[in-house]
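Take a look at the letters that make up each chain.
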Amino acid sequence: MTLAIPAPEVPAQTVEAAPVPETIAQDAREFGAYARTGGWTFALKVARSVRPGGQSAEDSDKVPAKRFAELAGCSPERVMRFYKAWDVAADDGLVPQFETLQPGVDVELPEADVWLSYYSSRSSATSVRGTAITAAAEAEGIRPTKALEVAENPTALRAAILADPSTAQAARSALLDRIEEDEALRSALARDVAAREELKKAVAGETKVSDRIEFVRQVAEGGQVKTPAGQVIEAPAELRQEAERHLSLLDELDEGDEAGEWAAEAYGTVKTLIQETVEADPELRVAERRTKFYSSLSKATKVFEELTFDDAGEFYEDEMVARLEELQGALAVCIEALRKAAG
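We now turn to the structure provided with this report. (Residues numbered from 1 in each chain as written. Predicted model: local features only at pLDDT ≥ 70, side-chain atom pairs only at ≥ 80, totals over all residues. Heavy atoms only, no water.)

**Here we look at the overall build of the chain**
And then number 1: Check the secondary structure of the chain and you find 15 helices and two strands.
And then number 2: Taking all 343 residues of the chain together, the buried fraction comes to 22%.
And then number 3: Contacts in the chain between residues at least 24 apart in sequence constitute 53% of all its contacts with a sequence separation of at least 6. (Helix = DSSP H or I, 4+ residues; strand = E, 2+ residues; numbered from the N terminus. Buried < 20%, exposed > 50% of the residue type's maximum accessible area, 1.4 Å probe, protein only. Contact = heavy atoms within 4.5 Å.)

This is the structure we're talking about:
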């Protein structure tokens with residue numbers, strides 16, 4: 001059964017579209033053709049006008065690529081890139097072969113989004129650099145023409161990085177991957193960081209966070225801790241469990257999360273537990289004080305060993321002697337206290 005579809009109502013009075021100049025109408029038609037088919041529109045003009053290689057002028061009304069380029073006001077290389085794109089597409093059965101095309105005659109064209117799969121607008125695509133970019137693009141699963149376009153338009157890349165956080169993130173990830181094998185780039189980035197005060201501060205801050213996380217990780221996974229005085233002791237089970245708990249929270253953070261506060265809390269908690277562990281064990285507490293004493297004594301001894309008095313006459317001041325006499329008295333008290341403890 002056929003359904004009758006009512007005709008749309010027509011207004012009693014219709015306003016006819018005002019006529020437009022033919023030049024505007026022609027532009028609109030050409031724009032529409034390009035909007036639908038993209039580069040295929042111009043590739044067809046080349047394909048139906050340029051004589052294939054090996055074909056004589058007597059067999060065709062078409063012109064050589066060089067002559068077509070002269071008429072178009074562009075380079076023969078650019079014309080041939082369109083020609084080669086059509087040739088590859090024709091081999092794939094997407095468009096007609098050159099021999100079936102006639103100058104000025106239109107044919108049905110593929111969709112615009114297919115064009116970039118066949119056209120390489122970059123002459124560098126066949127260079128060593130272009131070959132490397134093409135291989136990298138294929139490894140990433142994208143069309144080489146996209147990567148080549150970006151590589152030859154660094155200003156556009158810079159603009160995208162400055163304006164778009166996701167583009168900047170992609171650029172950062174790519175640089176980090178590249179510096180593993182590019183020593184020159186690695187050195188250049190290091191110099192850039194060292195030359196910028198804000199980057200130096202940021203690196204110092206991130207290094208501190210990283211060191212704190214690594215400290216907690218060593219306690220959780222290594223089972224040994226270093227006391228404030230420098231002793232290396234076995235971590236009690238409770239301490240390891242607390243370190244593992246904090247470490248699991250840190251490991252769950254996403255890449256973009258701020259880890260500074262989490263790391264500071266984990267580090268502070270573990271350090272406090274280490275101190276409590278030392279204080280809770282009498283033998284360990286005594287060993288800690290002994291270690292701290294020897295550490296301070298070693299540092300003080302080293303400082304005095306580095307002093308020289310060959311030219312003391314040039315910098316002598318009475319204050320120096322007074323300070324040393326005070327120190328001598330303090331040392332005497334310290335020695336006496338140790339002797340009493342030994343007796």
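Past the structure itself, the notes keep going.
**Describing the environment of Val 79**
And then number 1: Mapped onto the elements of the fold, Val 79 is located in helix 4 (residues 76-91).
And then number 2: Sequence spacing of Val 79 and Ala 47 is 32 residues, and the spatial spacing of their C-alpha atoms is 9.6 Å.
And then number 3: For Val 79, the contacting residues outside a window of four places in its chain are Val 46, Val 50, Ala 65, Phe 68, Ala 69 and Cys 74.

**A word on the nonpolar core**
And then number 1: Residues Trp 40, Val 46, Val 50, Val 79, Trp 86 and Trp 115 are the most contacted members of the largest nonpolar core, which totals 21 residues.
And then number 2: Residue assignment for this core shows that the elements contributing at least two residues are helix 2 (40-47), helix 3 (65-72) and helix 4.
And then number 3: The dominant element in this core, judged by the number of residues it contributes, is helix 4, at seven residues.
And then number 4: Listed in part, the 20 residues of the second largest apolar core include Ile 233, Ala 259, Ala 266 and Ile 274. (Core = buried A, V, L, I, M, F, W, Y, C linked by side-chain atoms within 4.5 Å.)

**Focus: helix 10 (residues 197-222)**
And then number 1: With 26 residues, helix 10 extends 36 Å from end C-alpha to end C-alpha; this agrees with the ideal 38 Å at 1.5 Å per step.
And then number 2: Among the residues making up helix 10, those that are buried are Val 209, Ile 213, Phe 215, Val 216, Val 219 and Ala 220.
And then number 3: Looking at the packing, one finds that the buried side of helix 10 touches strand 1 (224-226), helix 11 (237-251) and helix 12 (260-280). (Expected span 1.5 Å × (residues − 1).)

**A closer look at the side chain of Gln 231**
And then number 1: Structurally, Gln 231 can be placed in the loop between strand 1 and strand 2 (232-234).
And then number 2: Side-chain polar atoms of Gln 231 contact the side chain of Glu 288, separated by 2.7 Å.
And then number 3: If sequence neighbours within four positions are ignored, Gln 231 has contacts with Val 225, Lys 226, Leu 284, Ala 287, Glu 288 and Thr 291. (Polar contact = N/O pair within 3.5 Å; in protein donor to acceptor, adjacent residues only side chain to side chain.)

**Concerning the layout of surface pockets**
And then number 1: If you add up the space inside the largest pocket, you get close to 1100 Å³.
And then number 2: Every residue lining the largest pocket is counted, 22 residues in all, and those nearest its centre are Val 150, Leu 157, Ala 170, Ala 171 and Ala 174.
And then number 3: Elements represented by at least two residues in the lining of the largest pocket include exactly helix 5 (128-140), helix 6 (144-151), helix 7 (154-163) and helix 8 (165-179).
And then number 4: It is helix 8 that provides the largest number of residues to the lining of the largest pocket, a total of eight residues.
And then number 5: The residue inventory of the lining of the largest pocket, partitioned by class, reads 17 nonpolar, one polar and four charged. (1 Å grid on protein atoms, 1.4 Å probe; cavity = no way out; pocket = protein on both sides within 12 Å on 5 of 7 lines; lining within 4 Å. Points joined across faces, edges and corners; volume = space filled by probe spheres on them. Nonpolar A, V, L, I, M, F, W, Y, C, P; charged D, E, K, R; others polar.)

Function-wise, these values are silent; they only describe arrangement.
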